[in-house]
Amino acid sequence: MAATSADAERSLLEGDATGSYGATGAPQASPADASAPGAGAAGSGAEPPRMSPEQILAEITRNADAYKKMFVNALMGGLAPLITEAFGTFVLVFTVGCAVASPTPSPWAPLTIATVLTVMVYATYNISGAQLNPAVTFALTLLGKKTWSKMVGNWIFQFMGAFLAASVYKIICAPHLAVVAPVPPFHVGYSLGAEALYTGLLVFVVLNCAARPSKEPNQCFGLAIGFAFLGSGYACGHISGAALNPAVALPLGLGGGKDAQWAFCWFGAELVGAGLATGLYWLLRRSELQVAAEVAAAPAAQAAVEGDTGAAAPGTLEGPSTLMRCLAEALGTFMLMVTVGLNIVSGSRATAYSAAAMVMCMIYAVGDISGGHFNPAVTLAVVLGGRGKITKALAAKYVLAQLAAAALAGLVYAVYHMGSAVSEKSIKLVPGHGYSVLQAALAELVATMVLSYTVLTVATVEGYVKDVAGLVVAYALTAGSFAVGSVSGGEVNPAVVLGLVLGNVVNPGKGGMGPAMSWIALLLCEFLGACVAAAFFRITHRQEFLPKEAKKDVKGLQDAAGADVEAPSA
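All figures in this text were calculated on a predicted structure; none of them were measured in a lab.

Engineer: How should I be thinking about the overall build of the protein in this particular structure?
Structural biologist: A count of helices and strands for the protein gives 21 helices and zero strands. Going through the 570 residues of the protein one by one, you find that 48% of them count as buried. Long-range contacts, defined as pairs at least 24 residues apart, comprise 76% of the intrachain contacts of the protein with a sequence gap of at least 6. Here the protein has roughly 27,000 Å² of accessible surface; of this, 65% comes from carbon and sulfur atoms.

Engineer: Looking at this structure, how should I read the side chain of H417?
Structural biologist: Take H417: it is sitting in helix 17 (residues 392-418). Here the side chain of H417 touches K425 through a polar contact of 3.1 Å, landing on its backbone oxygen. Within the local environment of H417, its side chain forms a polar contact with the side chain of N507, the two groups lying 3.0 Å apart. Once residues lying within four places of it in the same chain are set aside, the contact partners of H417 are V345, V422, S423, K425, I427 and N507.

Engineer: What should I look at first to understand the confidence of the model for the protein in this one?
Structural biologist: Reading fine detail from the predicted coordinates is not recommended where pLDDT is low. In this model, the protein carries an average pLDDT of 82, and 79% of its residues clear a pLDDT of 70 or more. Note on residues 8-44: pLDDT under 50 across the span, and 24 contacts to partners over four residues away in sequence or across chains. A low-confidence stretch, residues 307-314 stays under pLDDT 50, and its non-local contacts, those more than four residues away or across chains, total 12 contacts.

Engineer: Help me out: how do you make sense of the environment of G385 in this one?
Structural biologist: Residue placement: G385 occurs in the loop between helix 16 (376-384) and helix 17. For the pair G385 and A533, spaced 148 residues apart in the sequence, the C-alpha separation amounts to 8.6 Å. Once residues within four sequence positions are removed from consideration, G385 is found in contact with L456, A534, F537, R538 and F545.

Engineer: Just checking my understanding: could you explain the environment of G512 for this structure?
Structural biologist: When you line up the elements, G512 lands in the loop between helix 20 (494-506) and helix 21 (516-540). Considering only alpha carbons, one finds G512 and S426, 86 residues apart in sequence, at a separation of 6.2 Å. Not counting residues up to four positions away in its chain, the partners in contact with G512 are S426, K428 and N504.

Engineer: Looking at this structure, how should I read the packing of helix 14 (residues 322-345) against helix 17?
Structural biologist: For any two helices packed against each other, the geometry is given by the interaxial angle and the distance between the axes. One way to put it is that helix 14 packs onto helix 17 with a least axis distance of 7 Å and a crossing angle of 30°. It follows from the interaxial angle that helix 14 and helix 17 lie roughly parallel. Of the two possible hands of crossing, helix 14 and helix 17 adopt the one that is right-handed. Broken down by class, the residue content of the contact of helix 14 with helix 17 amounts to 17 nonpolar, six polar and three charged.

Engineer: Explain helix 10 (residues 246-254) here, please?
Structural biologist: Helical geometry note: an α-helix holds 3.6 residues per turn, so side chains three or four residues apart project in the same direction. For helix 10, the tally of buried residues reaches eight of nine residues, placing the bulk of the element in the interior. Residues of helix 10 that are buried: P246, A247, V248, A249, L250, P251, L252 and G253.

Engineer: Looking at this model, I keep getting lost on the pattern of salt bridges. Mind explaining?
Structural biologist: When their charged atoms lie close together, side chains carrying opposite charge are able to pair. Going through the model one piece at a time under the given rule, you end up with seven salt bridges. Between R212 and D368 there is a salt bridge whose closest N-O contact spans 3.2 Å. Taken together, the residues R212 in the loop between helix 8 (188-210) and helix 9 (221-236) and D368 in helix 15 (residues 351-370) connect sequence positions 156 residues apart. By relative accessible area, which is 13% here, R212 ends up buried.

Engineer: Would you mind showing me how to read the packing of helix 14 against helix 20 here?
Structural biologist: For the pair helix 14 and helix 20, interaxial distance at closest approach is 10 Å and the crossing angle is 55°. In terms of axis orientation, helix 14 runs oblique to helix 20. Viewed along their axes, helix 14 and helix 20 form a crossing whose handedness is right-handed. Two secondary-structure elements touch here, helix 14 through T333, L336, M337, V340 and I344 and helix 20 through A495, V496, G499 and L500. Residue composition of the contact of helix 14 with helix 20, grouped by class: seven nonpolar, two polar and no charged.

Engineer: Just to check I follow, could you spell out a nonpolar patch on the surface for this structure?
Structural biologist: There is a patch of nonpolar side chains on the surface, built from L408, L411, M418 and V506 and spanning about 330 Å² of accessible area. Looking at the nonpolar patch, the element that brings in the most residues is helix 17, giving three residues. Inspection of the secondary structure assignment puts L408 in helix 17.

Engineer: Hey, could you run me through unusual backbone geometry in this one?
Structural biologist: If a residue is not glycine, its phi is most likely negative; likewise, a peptide bond is most likely trans. A174 connects to P175 through a cis peptide bond whose omega is 10°. Relative to the helices and strands, P175 resides in the loop between helix 7 (148-173) and helix 8. Following P184, the chain continues into P185 via a peptide bond in cis, with omega recorded as 5°. With respect to the helices, strands and loops of the structure, P185 is situated in the loop between helix 7 and helix 8. The phi dihedral of F374 is positive, around 60°, even though this residue is not glycine. Residue position: F374 is located in the loop between helix 15 and helix 16. For R387, which is not glycine, the phi dihedral falls at a positive 70°.

Conventions used here
- Residues numbered from 1 in each chain as written.
- Predicted model: local features only at pLDDT ≥ 70, side-chain atom pairs only at ≥ 80, totals over all residues.
- Heavy atoms only, no water.
- Helix = DSSP H or I, 4+ residues; strand = E, 2+ residues; numbered from the N terminus.
- Buried < 20%, exposed > 50% of the residue type's maximum accessible area, 1.4 Å probe, protein only.
- Contact = heavy atoms within 4.5 Å.
- Areas by Shrake-Rupley, 256 points an atom, 1.4 Å probe, with all protein chains shown as cover.
- Polar contact = N/O pair within 3.5 Å; in protein donor to acceptor, adjacent residues only side chain to side chain.
- pLDDT = per-residue confidence, 0-100.
- Axes fitted to C-alpha atoms, helices over the stretch in contact; angles between N-to-C directions.
- Parallel < 35°, antiparallel > 145°, perpendicular 65-115°, else oblique.
- Left-handed = near helix turned anticlockwise from the far one by under 90°.
- Nonpolar A, V, L, I, M, F, W, Y, C, P; charged D, E, K, R; others polar.
- Salt bridge = Lys/Arg side-chain N within 4 Å of Asp/Glu carboxyl O.
- Patch = residues over 30% accessible without salt bridge, like charges linked within 9 Å, V, L, I, M, F, W, Y side chains within 5 Å.

Encoded structure:
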């Protein structure tokens, strides 16, 4: 069939190497024609007639719209993610500036910032990946997901949006301006340590929830990232200011009117935190990353993944080892205990909310590795809940990892207690004013029972509210801690109890250690609450213990017709 100039131009745009720019509309000889008598030079591969400059100009003019569309699509395809990063960072930094620049710091500032971060993550993820933070971009580059040149490009647009936001917020909020500097009485070492630790936590959650190789993120990934900042903001906001983002620290620090050098110190600490988070992520996800690299490097393996059974299979992803499971549990427990401790020493009134947010984001980050217990009482409840969800040997290792992490976190908490305004105050685990040890212990029992029962029902029942399980568990912890906090302290976790006790041993203040019977009673009742939760679960979820073939027609204790059915013994 004859090829027209439009056909040639279309083939060129579509990447067809056989298309030749400037081809004329003259018919081309087929192989049969070439062998025909009289084919002559036309059949011997002679060059087609060349176009004159006037013809080339006419061709370009005639297809101007097509070339313009191609150019605009290519340009915007490359700029859209960068512009999205600039816009998302602008909104985030503007909100941070306005939230913290009021004369009296708002107790809702961390919640405000966490909310807008959640919104912008969901709004920009499908275009740019929702980095919105040079530390996150730096971590992705260290992992090889971005080239260094692309990292620089992202940084340029992120900082452009951030500095523009800083200029706008200053116009609105002047003369009140945000300041990036150590928050008294904590000196710079405490502030930089907190900034690095919680920036690392934020980056770690982003990597695990939104940057996994060949894995669609859980639908709550934006909430997990937002809650990571929520827990961090209340924990270290009164220590370092909780910038946790170079695009926040530099524009606000340089425009704060004094001590601009702190902005660069915060920048460095945040990159250090991002580097540590990248290392931990690589360690926990090493097998997954290696398999993803093998698939990407082998087209045959990729074809096998896509269903081509004739191709060689890619590397097989093995389940996490016991060591990695225990490390995930230790990491989550450590961050929970440190968060509780720093909330206490900084005078936060949102300790329960901050701790619950930390549990929630860590469940989404490493829950697929270890189950996301971070609590010896919860681990006990899962063992007693049966169905082989965890072996006794693995549960024992979990508890040891949780207690070891809590002990380390207790030392960190004690160090910050020493540098705080309440360094001489003894933070003892005793009942609230006007309450007895019996009342406090009973309060811990009930709150731990509710938390453990929630974990059993939403996190260990297959196919039930899988995406929002972490959020539900966080709300259970929030409710229990706020409900009994004034009576028992609302720890609801033996690891937290032991971490606080160890911190009190290291820095007992002027009030001393307090009676041992108090915290021992709390420990025992928390474990007892887990046992009661497991018993209730076995009663209310009898269908979980039915044979697999008998579960199909059973919902609760009724059959499809609504008649009561007798569940056979497990």
